[in-house]
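# Fold and contact review
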Amino acid sequence: MEVKTSLLDNMIGVGDMVLLEPLSEESFIENLKKRFDHNEIYTYIGSVVISMNPYKSLPIYTAEKVEEYRNRNFYELSPHIYALADEAYRSLRDQDKDQCILITGESGAGKTEASKFVMSYVAAVCGKGQEVNKVKEQLLQSNPVLEAFGNAKTVRNDNSSRFGKYMDVEFDFKGDPLGGVISNYLLEKSRVVKQPRGERNFHIFYQLLSGASDDTLKKLKLDRDFSKYNYLSLDSATVNGLDDAASFRTVRNAMQIVGFMEDEVQSILELVAAVLKLGNIEFKPESRCNGYDESRVKDKNDLKEMCELLGIEQSVLERAFSFRTVEAKMEKVSTTLNVAQAYYARDALAKNLYSRLFSWLVTRINESIKAQTQTHKKVMGVLDIYGFEIFEDNSFEQFIINYCNEKLQQIFIELTLREEQEEYIREGIEWTNIEYFNNAIICDLIENNKNGILAMLDEECLRPGTVTDETFLDKLNTVCAKHQHFESRQSKNSKFLTDHSLPHNCFRIQHYAGKVLYRVEGFVDKNNDLLYRDLSQAMYKANHSLIKILFPEGNPAKVNLKRPPTAGSQFRGSVGTLMKNLLTKNPNYIRCIKPNDKKAAHIFTDSLVCHQVRYLGLMENVRVRRAGYAFRQAYEPCLERYKMLCKQTWPHWKGPAREGVEVLLKGLQVPAEEFAYGRSKVFIRNPRTLFFLEEKRRQCLEDLATLIQKIYRGWKCRTHFLLMKKSQVVVAAWYRRFAQQKKYQKIRFSTLVVQSFIRGWKARKILRELKHKKRCEMAVTTISAFWHGTQARRELKRLKEEARRKHAVAVIWAYWLGLKVRREYRKFFRANAGKKIYNFTIQRIMQKYFLGLKKTMPSMSPIDKTWPVRPYRFLDGTHQELRRIFHLWRCKKYRSQFTKEKKATYEEKLAASELFKDKKALYPSSVGQPFKGDYVEITKNPKYQKLNSYVEDKVLLADVVSKINRANGKGAPRIFLLTKKSLVLADQKTGQVKASVPLLDLSSVSVSTQSDGFFALKLKEGSTSAAKGDFLLSSDRLIEIITKLHRTSAASADRNQISIDISDEFLVQFKQDKVCVKFIQGTPKNGNGVACKRKNNRLLEVSVPSP
Ligand SMILES: Nc1ncnc2c1ncn2[C@@H]1O[C@H](COP(=O)(O)OP(=O)(O)OP(=O)(O)O)[C@@H](O)[C@H]1O
Ligand SMILES: [Mg+2]
């Protein structure tokens, strides 16, 4: 029988204490230690998980681990809290059994952490979806909020839960979370006003001061400095490893996720701030005339700020700290409070304020997380209650906490030890009884209605007369003295009279987890939990929405003289309800153990662990487990579950279920000692046997699944085949129909064709006959028509002949008559009338022509070339002539508008045209340029004043020209002046005269035909100026210069007209030498300008860019 189990694989120590051999306390602790040293913090006792606090984070809570444990058998993998969570979740989901997870252990053992792991595991494996995820997130995020307000650092635990928490998570039938309900149990509110040494107040105070923004603190009138607040203990205000500021952000975020409104958060923070402020209110005595001291608020600033925060009228609260109104028999009596009473009242108010705020928070969270549907819900409860506590100084709170733990232990005993043993007996299974300690007796000592400690306390609190903690202790001494778990100095039990470890004002209870010494001081007060009515009324009057809700009893309209239930009885009631609730559910245990008292990793204090193992009753647990059977199940569900493993039981067993199970197990050949048959249940001794059954079942289910699959596939194929067959018949029918249709259509078509051919042939035959008949008829008609035609034509001819004759007669008659008339009237006609008529007609035509011309005359612009078209061809010559005349006339008109200067300019332009048009290529570019004459402003420019004075006559032209040097062909700038009589060349810069030539000495000017500005001024041989030789000059304004020179010389008195040679090669006389200037077309190297180059002594070559 091979069973696949990894619980046993690579096991460190023993994973399940049931398998521990030999079983003794030492080996038990040794095993825990060994596993703890190897970071194996979880160990099983059957289905109970022992969890050792590692005090360090271990990589065993990852998403991969969650996947590993998901849907796996409890004993299949190494022990883990996830295995328990998975088992619980699956039983809830698949077997519809409500579950509760009871996490017990002393303070700091890791209960809260364990509860969070369970919750997060369930959240990870249950259903997903937007709504479900929101619910999960809200459930998980309720933790940080409650921890901030309900947890505090104690000497045992830096994050100790100071309230009990039970959370019911509700699921739907699919196992998806729907919501939850949180119950809280008795917050340790005394912590608000006083903390033992080395401990802190609730986390939220420190978180608020460290983490809130400056702005928020200002609004809350708070200071970041912890030392400013009396209620905050300073020696351990900061805790290693706790980042209060970051936690504050987490809490704010969690509140938002859970669904707190922004104004609600603000109200909550205001209350927290108010508690801090309240702690700072101090009192001083003020003597009254009646001799009593009355308390007065010392410094009213904190009171004022607190009242402002909560919207309370300061005077009302101030009065409530100085007076107290007692109502008795409809009478109100006001008594003064002394300073101690005022402090008591202040602290009571602070405690009440905080604890009520906490309860409101739980209610508010419940409102957010409650399931939205009313359908049947499956419930998983997680109980994380404060652990068993033994402090140096134990008070009412520890008493309550430890009482709660007693009850839980009892539930454990009830369900695991006693119940188990009783079940064996009930079922008739052979069984040797195991001794274990039943703590019912301690529970009874505390909660017994008649003489239990809580009942005594209530009785004392309600009793008239003076009630003190001492009177309460006295009462206990009388009532409980004989109880074997109660010890006190004054008890009748003389054994303790000399026990100095037991002071007089204390009593000791021997709890299941050890002896705890309780100091009675404060028991009565804390149980009464009194808040002066004046204070609650002052709170109710507050103008603050939350405060009003928290103090409903302050409403004067609802004055209730009945005392509220005491804290002890309230707690007893809620614990009772809790126990009842837990008993209805399937329990799953996590027993947390603390390895050392130092909160340190790696330290395993044997004695401490041993103590916990003892009081948790773990050894008994193992013994009972070992002596008994690991698994049991009623016959019916067992048979139902495994019936597929045996042919006789599958698919239906007809007989009783028990016999079926017997047949089944026999058939599987499981050894007989592995089973015991109870009255209603079968007991399986070894978990392995269960695994074996489960494994077999799994295989069988696989086979069954294959079978179902096979049958389904067969059915599917058959159905498919039948469908195909049916379809095939349908398709075939349709096809045949289609084919027949086609054939029919073809035959029909052929028939129609044949028919049409025959009809056509017949028709054609008839047509032929008809045509023949028609032709015959037409021939007859034609012949008759021709005959009639001939007849008619003959008749017509005859008639025409007759008519012609008649017409000829008429014409001859008319002529004759005309002749007669003309002869008769000739004497009446004038001579030359025809010519006159002709002339008259011509005149009319000309008149019309001229009038038309007048209307269509072109514009007066001489350059307008338009002219109307001629109307008659015979007017061609006239029309052209008129055009010419008109043009000449409008030119004249145009000229007549000229001024004298403009006329001279045009004349000059005309002269230039006569000289150069179509002769020199430079000419066209000069047409558009006006001939300005003076380009250097000779008269105005002061530089040329001397030059100006040198020239006597009026300067006709002044311009800068280049004088070409014969030696290199380069030009030098010169001022060129032309007057009536001479021309002058002067230096451009200085105006100094270089040469002055009378016009008389000039013989001719030579220029090229090209677009260059070169010109040679040739001098008459033998003249005075000729000694220096001719001038070779160059100017862009050559046309203007030469024209002016030519006109001036022609106009001179001696009419010495200078001739102008236009040729591409001419000679220039330089002193003695004659040099030939030759113009060629080409592309000069220096761009597109004209270049002059000396080729040799006799030749200057000017290259002009081709046009
Ligand atoms: N599984 C764990 N892994 C790592 N650290 C752990 C684990 N369990 C507990 N701890 C550490 O131990 C500390 C105490 O644990 P926890 O607050 O759960 O104790 P508790 O049993 O709830 O105590 P109390 O009764 O005072 O509330 C945690 O703050 C954490 O540092
Ligand atoms: Mg806790």
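Only a predicted model underlies this, so the values are computations on that prediction, with no experimental measurement involved.

## Concerning the coordination of the magnesium ion (ligand 2)
Each protein donor to the magnesium ion (ligand 2) is listed here as Thr112 (OG1) and Ser161 (OG); together their distances run 1.9 to 2.1 Å. One end of the pair, Thr112, is in helix H4 (residues 111–125); the other, Ser161, is in strand E5 (residues 160–161), and 49 residues separate them in sequence. For Ser161, a relative accessible area of 9% gives the class buried.

## Here's the deal with the site of ligand 1
Surrounding ligand 1, one finds 21 residues, the nearest of these being Ser107, Lys111, Thr112, Ser160 and Ser161. Separating an oxygen atom of ligand 1 from a backbone N or O atom of Ala109 is a distance of 3.3 Å. Interatomic distance of 3.3 Å between a backbone N/O atom of Asn159 and an oxygen atom of ligand 1. Compared with its free state, where it exposes 630 Å², ligand 1 has 87% of that area covered by protein.

## Comments concerning the packing of aromatic side chains
Counting across every chain of the model gives 36 aromatic pairs. With a centroid separation of 4.8 Å and an interplanar angle of 65°, the aromatic rings of Phe163 and Phe358 are classed as edge-to-face. One end of the pair, Phe163, is in the loop between E5 and strand E6 (164–171); the other, Phe358, is in helix H13 (residues 339–369), with 195 residues separating them in the sequence. The residues Phe163 and Phe358 share a single accessibility class, namely buried. Ring plane angle 85° and centroid distance 5.4 Å describe the contact between Tyr206 and Phe226, whose orientation is recorded as edge-to-face. One end of the pair, Tyr206, is in helix H7 (residues 203–211); the other, Phe226, is in the loop between helix H8 (214–219) and helix H9 (244–258), and 20 residues separate them in sequence. Phe226 matches Tyr206 in its accessibility class, with the two residues each being buried.

## A few points about the confidence of the model for the chain
Confidence in the prediction for the chain averages 87 pLDDT; 96% of positions are at 70 or higher. Low pLDDT, under 50, characterises residues 1–6; the predicted model gives this stretch 11 contacts beyond four residues in sequence or across chains.

## Some remarks on the side chain of Asp458
Within the fold, Asp458 resides in helix H16 (residues 453–462). With no salt bridge to any partner, buried Asp458 finds its closest opposite charge in Arg572, at an N-O distance of 4.4 Å.

## Section: the sheet that holds strand E29 (residues 1073–1081)
Where strands meet in a sheet, backbone hydrogen bonds hold them as pairs that are either parallel or antiparallel. Ordered by their spatial adjacency, 4 strands build an open sheet running E28-E29-E31-E30, and the pairing between neighbours is mixed. Each edge of the open sheet is held by one strand with a lone partner, namely strand E28 (1065–1070) and strand E30 (1091–1096). Averaged over all neighbouring strand pairs, the angle between strand axes comes to 30°, with direction disregarded. For E30 and strand E31 (residues 1099–1104), the ladder comprises 5 bridges, and the chain directions are antiparallel. Each bridged residue has a counterpart across the sheet, and for Cys1092 the counterpart in E31 is Val1102.

## Things to note about the sheet that holds strand E13 (residues 486–488)
Read from one edge of the open sheet, 3 strands run E13-E14-E15, paired in antiparallel fashion. For this open sheet the edge positions go to E13 and strand E15 (514–519), each flanked by a neighbour on one side alone. The mean inter-strand angle of the sheet, taken between neighbouring strand axes irrespective of direction, is 25°. The pairing of strand E14 (residues 506–511) with E15 spans 6 bridges and is classified as antiparallel. Note that in E15 the partner of Cys506 across the bridge is Arg519.

## Some details on the environment of Val754
By the secondary structure assignment, Val754 is in helix H26 (residues 687–825). Relative accessible area serves as the criterion here: at 48%, Val754 is assigned to the partly exposed category. Between the C-alpha atoms of Val754 and Val809, which are 55 residues apart in sequence, the distance is 77 Å.

## Side note on the pattern of salt bridges
Tallied over the full model, the rule gives 60 salt bridges. With a shortest N-O distance of 3.4 Å, Arg35 and Glu40 are connected by a salt bridge. Residue classification places Arg35 among the buried residues on the basis of a relative accessible area of 1%. Note that Lys920 is salt-bridged to Asp1012, the shortest N-O span being 3.4 Å. Linking Lys920 in the loop between helix H29 (900–916) and helix H30 (923–927) with Asp1012 in the loop between strand E24 (1002–1007) and strand E25 (1014–1019), this pair joins segments that are 92 residues apart in sequence. Both residues of the pair, Lys920 and Asp1012, count as buried. Connected through salt bridges with shared partners, the residues Arg162, Glu188, Arg191 and Glu199 form a single ionic network.

## A short note on a nonpolar patch on the surface
Together, Trp813, Trp816 and Leu817 make up a nonpolar patch on the protein surface, roughly 330 Å² of accessible area in all. With respect to the element layout, Leu817 can be found in helix H26. Classification of Leu817 as partly exposed rests on a relative accessible area of 33%.

Analysis parameters
- Think of each chain on its own: its residues are numbered from 1, step by step along the sequence as written.
- To read the labels, note that chains go from A and ligands from 1, taken in the order they are written.
- Only residues with pLDDT of 70 or above have their local features reported here, since the model is predicted, and side-chain atom pairs are shown and tallied only from 80 upward, although totals for entire chains, interfaces and linings are computed over all residues.
- To obtain the side-chain values, all non-hydrogen atoms of the structure were included, while hydrogens and water were left out.
- Note: metal donors comprise N, O and S atoms at 2.8 Å or less from the metal (3.2 Å for Na, K and Ca); water molecules are not included, so apparent gaps in a site are possible.
- Each helix is a run of DSSP H or I of at least 4 residues and each strand a run of E of at least 2, with the numbering of both proceeding from the N terminus.
- Throughout this description, buried means an accessible area under 20% of the type-specific maximum (1.4 Å probe, protein chains only), exposed means over 50%, and partly exposed covers the range between.
- Think of it this way: one heavy atom of a residue within 4 Å of a molecule or strand is enough to make that residue near it.
- Distance and chemistry together define a polar contact, namely a pair of N or O atoms within 3.5 Å, with one atom able to donate a hydrogen and the other to accept it when in protein, and with adjacent residues in sequence counting only for side-chain atoms on both sides.
- For every accessible area listed, the method is Shrake-Rupley and the probe measures 1.4 Å; residues are considered covered only by the protein chains on display.
- Any two of the Phe, Tyr and Trp rings considered here, Trp counted by its six-membered ring, make a pair once their centres fall within 6.5 Å; the pair's planes then place it as stacked at under 30 degrees, edge-to-face at over 60, or tilted in between.
- What pLDDT expresses is the predictor's confidence in each residue, scored from 0 to 100.
- We call two residues in contact when some of their heavy atoms are within 4.5 Å.
- Charged residues are defined narrowly, with Lys and Arg counted positive, Asp and Glu counted negative, and His plus the chain ends left uncounted.
- We define a salt bridge as a side-chain nitrogen of Lys or Arg found within 4 Å of a carboxyl oxygen belonging to Asp or Glu.
- In this description, strands pair whenever DSSP reports at least two bridges between them.
- Axes here refer to lines fitted to C-alpha atoms; in helices the fit is confined to the stretch in contact. Angles between the N-to-C directions go from 0 to 180 degrees.
- Nonpolar side chains (Val, Leu, Ile, Met, Phe, Trp, Tyr) within 5 Å and like charges within 9 Å form the patches, drawn only from residues with over 30% relative accessible area and no salt bridge.

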